[in-house]
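Tertiary structure, described
Here is what each chain is made of, one letter per residue.
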Protein chains: 2
Amino acid sequence: MSFISPLGERFALLTDLYQLTMAACYFEAEMAEEATFSFFIRKYPPNRGYFVAAGVEEALNYLETLRFAEDDLAYLESTRLFQRKFLDFLKTVRFTGDVHALPEGSIFFKDEPVIEVSAPVIEAQLVETFLINAVSLQTLIASKAARSFHVAQGRPLIDFGLRRTQGTDAGLKAARASYLAGFLGTSNVLAGKLYGLPIFGTMAHSYITSFPKEIEAFRTFAQVFPTITTLLIDTYDNAAGARKAVQVAREMEARGERLRYVRLDSGDIAAISREVRQILDDAGLKYVKILASGGFDEFKMARVLEAGGQVDSFAVGTKMGVSADAPYFDCAYKLVKYGNRPVMKLSTGKVTLVDKKQVYRFYDDQGRFHRDVIALREEALPGGAPLLKKVMEQGRLLGPLPTLKESRDYFISQFGLLPEPYKALQDPPSYPVTWSAGLTALQARVEREILEREIK
Amino acid sequence: MSFISPLGERFALLTDLYQLTMAACYFEAEMAEEATFSFFIRKYPPNRGYFVAAGVEEALNYLETLRFAEDDLAYLESTRLFQRKFLDFLKTVRFTGDVHALPEGSIFFKDEPVIEVSAPVIEAQLVETFLINAVSLQTLIASKAARSFHVAQGRPLIDFGLRRTQGTDAGLKAARASYLAGFLGTSNVLAGKLYGLPIFGTMAHSYITSFPKEIEAFRTFAQVFPTITTLLIDTYDNAAGARKAVQVAREMEARGERLRYVRLDSGDIAAISREVRQILDDAGLKYVKILASGGFDEFKMARVLEAGGQVDSFAVGTKMGVSADAPYFDCAYKLVKYGNRPVMKLSTGKVTLVDKKQVYRFYDDQGRFHRDVIALREEALPGGAPLLKKVMEQGRLLGPLPTLKESRDYFISQFGLLPEPYKALQDPPSYPVTWSAGLTALQARVEREILEREIK
């Protein structure tokens, strides 16, 4: 069987055709030496100054289980592009390489390798598309979600993005990656089931409008779900809705129950939340909290809090779920070594750092991140902590991966060590990342050799 | 069994928890009347003036096969949120409603319903999340891809987006939706298999750099794939690469073969393509075409062509695959009628058009789109062509849906009827969409009634 995702999909063919045509060329040319590929992000999107590694686990699961199934091979045969002997070879392909990777939840910076794969060139090449897809999506969402986590300053955050994420897989991964980056949970029930995430839900406007009167919709919910009642109060008018919520809360009190939240979903949330807070407080309902939703991201959250918004918890949806202000990374999975030969391409503006590498992090005297150095893997940089861990050898994981909860704890602990200026929502300074002496020298040498060899 | 996607996933739980808590309330309150929900897009993203309907087929497949499986129910039971009798009821839930929808490939405008679902309220509510997710993603990508199709003026376009689409599902759907909107095919092999799309592939920089010399990489590819050879020539230097491609092309000619394309992937494509065209022409290789890739979308394509770029075909990747300049729609699936009662919400800035509706399109005397009118479904508007078709009755499709190829042909024919000004890449004018007299009057009446009933 080919890669089995939690939903049972097989993804050996979820790749660009050129991975297979290149593989056929390597096969034909009998090129079987070890190739090392490095996955990294080339540039910060606007207003980003750090990334949160996520999706590495999915990539490793894919590598461990990669197989071409009979129907995959039958399809490839039907394209008439490939020779029988290559397809017979594909049937036997397994990933047998070594992988170094950052642990899920690591904070990293541009140009730093997130994963380095060393394997016979066909294997290392074939897995490119899936690896980029898996790691870039979850890293994208975790890096976006971390910004909300920062702004929320401890207020619980819930992922509400599923309906507008770009497809079903993105909906699941956005729930996972936002949890990894400090969210409390998600509205996505299947993500709850697959990843063991806490799930949360309230009610929609359609629920309110399907009842003849708003207060009847409130009462019914409070009766059916007395322990998790959150009332959406903006369907017709926030203040009127808040007064009806007060009435329902008193009815709940009479039954020994407590209304937990009212939810605001539109309008000037800072002003409305203060008004609603006042209505609740005046009614002696200080324990009823306010949840805000509707177009939130880290920017809107910061604006509402700065304007004195009385919000206890935020639901963050679409803009986090698609990383709306930066919906993709300029990332790459590049060949950096073939056999004993370090390699790079020279295409305009797209230089690759050659050879197998390691990233060393240096801390200041308070234990906070101070600077990183990208080095050749065999270089020793005293005082620096190596960030890439060897996680797979000859196609097998070297040990159990951290649980999602452990990775979330790791992210939170690491995020606390990232100095505040780098967390700025707008125009953060560049975290210092330099190249080691060994890498600098090798980089120059390889570039010189290519210029001599390939360009007249 | 629950919904089976082409990959075998079951998606009954791919929903927001509130769909299930609301369903439990409807169940408890014995609310079983017919509810009609309408899916529409509220706003144009920047620089958009039309949308291309896609993903309707996926939504209908989901509705036809919706089931909660035993392990879904076991998970819901484990949450301790639901009563046994509600879970027993969920086990029996099937979608038994009627659906009106725009055919795949239809061109539509803001506020116009794409789908209207009429079903017992629990059924119509439960399917909200999946329907929005499915239709909004494919419509997003098709609407973006149509812009490239417009600019390309007949040049073949290939989807190269898979590696950076937001997950695996988005990668598949981007391939499908871009084909629907006029693309020729995709690099995505699994999409080729699942949807019968033409697949295309070239080679990567890693392929070039893994060989000791660039020209050896070229030669090997030409020998293994002599009928589909496209050589990537920018790895080290475009002009040097072009001269090596000339040499390989001559070697192919000697074997009775023809080099098909060279591919440019970086730098100033307008200038480089002219230089490369000259090198190829000077060598008597007028038949060798130029494929350009690397950060293309409709804007870059227009710039390159306006600057005299000599490009025969474009590969369009990330920016189309994530709809980078508009990565989500402000879309909604809103209750518009419950039982005999037309309904709306009043939340600030988010008004819903009430009741079951139809969209009528009026054409000018050359057969081009002139204006649309959104009407109540039972209204007759002489001279207008009704756009929404009844496609499902009592949970069953009324007939086979168009094939993807038929939908693509339909899109292309309809796109030809959309007057040019609305296709402008920047700041297109607003296509005229008005409300019928019947809808206008009902809208006003319902709003008045709500204000009297709900707000003091």
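Remember, it's a predicted structure, so these values are computed and weren't measured experimentally.

Regarding its fold elements, chain A presents 16 helices and 19 strands. Taking the principal axes of the C-alpha coordinates as reference, chain A spans close to 80 × 55 × 40 Å. Across the 456 residues of chain A, 57% fall into the buried class.

Take the interface of chain B and chain A next. Contacts between chain B and chain A engage 93 residues on the former and 93 residues on the latter. If you tally residues by element for the side of chain B that touches chain A, the top one is helix H1 (residues 17–28) of chain B, at eight residues.

Our focus in this paragraph is the sheet that holds strand S3 (residues 98–101) of chain A. Residue and element names in this part refer to chain A. Read across the sheet, seven strands follow the order S13-S12-S1-S5-S3-S17-S18 without closing on themselves; strand pairing throughout is antiparallel. The strands lining the two open edges of the sheet, one partner per strand, are strand S13 (341–342) and strand S18 (396–397). As paired elements, strand S1 (residues 34–41) and strand S12 (residues 331–338) share seven bridges and run antiparallel to each other. For Ser-38, the partnering residue across the bridge sits in S12 and is Lys-334.

Note on helix geometry: an α-helix contains 3.6 residues per turn, so any two residues three or four positions apart are oriented the same way. Of all the 11 residues making up helix H10 (residues 214–224) of chain B, nine are buried; the element is thus mostly covered by neighbouring parts of the structure. Residues B:Glu214, B:Ile215, B:Ala217, B:Phe218, B:Arg219, B:Thr220, B:Phe221, B:Ala222 and B:Val224 constitute the buried set of H10(B). The secondary structure elements touched by the buried residues of H10(B) are helix H1 (17–28) and helix H16 (437–454) of chain A together with helix H9 (205–210), strand S8 (230–232) and helix H11 (238–254) of chain B.

A few words on the sheet that holds strand S7 (residues 185–186) of chain B. Residues and elements named next belong to chain B. With parallel pairing, six strands are arranged side by side in an open sheet as S7-S6-S11-S10-S9-S8. Pairing within the sheet leaves two strands with one partner each, and these edge strands are S7 and S8. One ladder, built from two bridges, connects strand S6 (residues 157–159) with S7; its direction is parallel. Pairing of Ile-158 across the sheet is with Gly-185, part of S7.

Before going further, it helps to examine unusual backbone geometry. All names here are of chain A. Positive phi values are uncommon outside glycine, yet Asp-111 reaches one of about 75°. Its place among the elements puts Asp-111 in the loop between strand S4 (107–108) and strand S5 (115–120). Its 19 C-beta neighbours within 10 Å are what place Asp-111 among the partly exposed residues.

Residues and elements named next belong to chain A. Mapped onto the secondary structure, Glu-123 falls in helix H5 (residues 121–126). Residue Glu-123 is classed as buried on the basis of its 23 C-beta neighbours within 10 Å. Residues Glu-123 and Phe-86, spaced 37 residues apart in sequence, show a C-alpha to C-alpha distance of 14 Å. Leave out the neighbours within four places in its chain, and Glu-123 touches Val-93, Phe-95, Thr-96 and Gly-97.

This part takes up the relation of the copies chain B and chain A. Between chain B and chain A, which share one sequence, the superposing operator has a rotation angle of 180° and an axial displacement of 0.0 Å; the RMSD is 0.0 Å. Both copies are brought into coincidence by an operation consistent with a two-fold rotation axis.

Residue and element names in this part refer to chain B. It is at 10 Å that the axes of H10 and H11 come closest, and there the two elements cross at 35°. The element H10 and its partner H11 pack so that their crossing is right-handed. Contacts between H10 and H11 involve Glu-214, Ile-215, Phe-218, Arg-219 and Ala-222 from the former and Gly-241, Lys-244, Ala-245, Gln-247, Val-248 and Met-252 from the latter. Looking at the contact of H10 with H11 residue by residue, the classes come out as six nonpolar, two polar and three charged.

So, about the pairing of strand S14 (residues 357–363) of chain A. Residue and element names in this part refer to chain A. Burial analysis of S14 places five of its seven residues in the buried class, which makes it a mostly covered element. Two strands pair when backbone bridges link them, and S14 and strand S15 (residues 369–376) are joined in this way by seven bridges, in the antiparallel orientation. Opposite Phe-362, over in S15, you have Arg-371 as the bridge partner. Remark: five residues form the turn of the hairpin made by S14 and S15, two consecutive strands paired antiparallel; Gly-367 in that turn has positive phi of roughly 85°. Bridge count between S14 and strand S16 (residues 385–386): two bridges; the pairing is antiparallel. When the sheet's bridge partners are listed, Tyr-360 is paired in S16 with Pro-386.

All names here are of chain A. Parsing chain A into structural domains produces domain 1 (17–141 + 328–454) and domain 2 (155–321). The gap between the C-alpha centroids of domain 1 and domain 2 is 39 Å. Across the boundary between the two partners, domain 1 contributes 13 residues, which contact 15 residues of domain 2. At the level of secondary structure, the elements contributing two or more residues to the side of domain 1 that touches domain 2 comprise helix H6 (128–152) and helix H15 (404–415). It is H15 that contributes the most residues to the side of domain 1 that touches domain 2, five residues altogether.

Quick look at the environment of B:Leu417 now. Here B:Leu417 lies in the loop between helix H15 (404–415) and strand S19 (433–435). Excluding residues that lie within four positions of it along the chain, B:Leu417 makes contacts with B:Gly367, B:Arg368 and B:Phe369.

A few words on the packing of helix H7 (residues 168–180) of chain B against H15(B). All names here are of chain B. Contact geometry of H7 with H15 gives a least axis separation of 8 Å together with a crossing angle of 50°. Judged by the inter-axis angle, H7 sits oblique to H15. Packed against H7, whose contacting residues are Arg-176, Tyr-179 and Leu-180, the element H15 presents Leu-404, Ser-407, Arg-408 and Phe-411 at the interface. Taken together, the residues of the contact of H7 with H15 break down into four nonpolar, one polar and two charged.

Before going further, it helps to examine the pairing of S12(A). Residue and element names in this part refer to chain A. Among the eight residues in S12, eight count as buried, and that is most of the element. Relative to S13, S12 runs antiparallel, the two being bridged by two bridges. Across the sheet, Lys-337 pairs through a bridge with Pro-342, a residue of S13. The loop that links S12 with its antiparallel partner S13 comprises two residues; one of these, Gly-339, has a positive phi angle of about 60°.

About the cut-offs
Residues numbered from 1 in each chain as written. Chains lettered and ligands numbered in written order. Predicted model: local features only at pLDDT ≥ 70, side-chain atom pairs only at ≥ 80, totals over all residues. Helix = DSSP H or I, 4+ residues; strand = E, 2+ residues; numbered from the N terminus. Buried ≥ 20, exposed ≤ 12 C-beta atoms within 10 Å, placed from the backbone. Contact = placed C-beta atoms within 7 Å. Pairing = 2+ DSSP bridges. Least-squares fit on C-alpha atoms with pLDDT ≥ 70 in both. Axes fitted to C-alpha atoms, helices over the stretch in contact; angles between N-to-C directions. Left-handed = near helix turned anticlockwise from the far one by under 90°. Nonpolar A, V, L, I, M, F, W, Y, C, P; charged D, E, K, R; others polar. Domains from an automatic or database assignment. Parallel < 35°, antiparallel > 145°, perpendicular 65-115°, else oblique.

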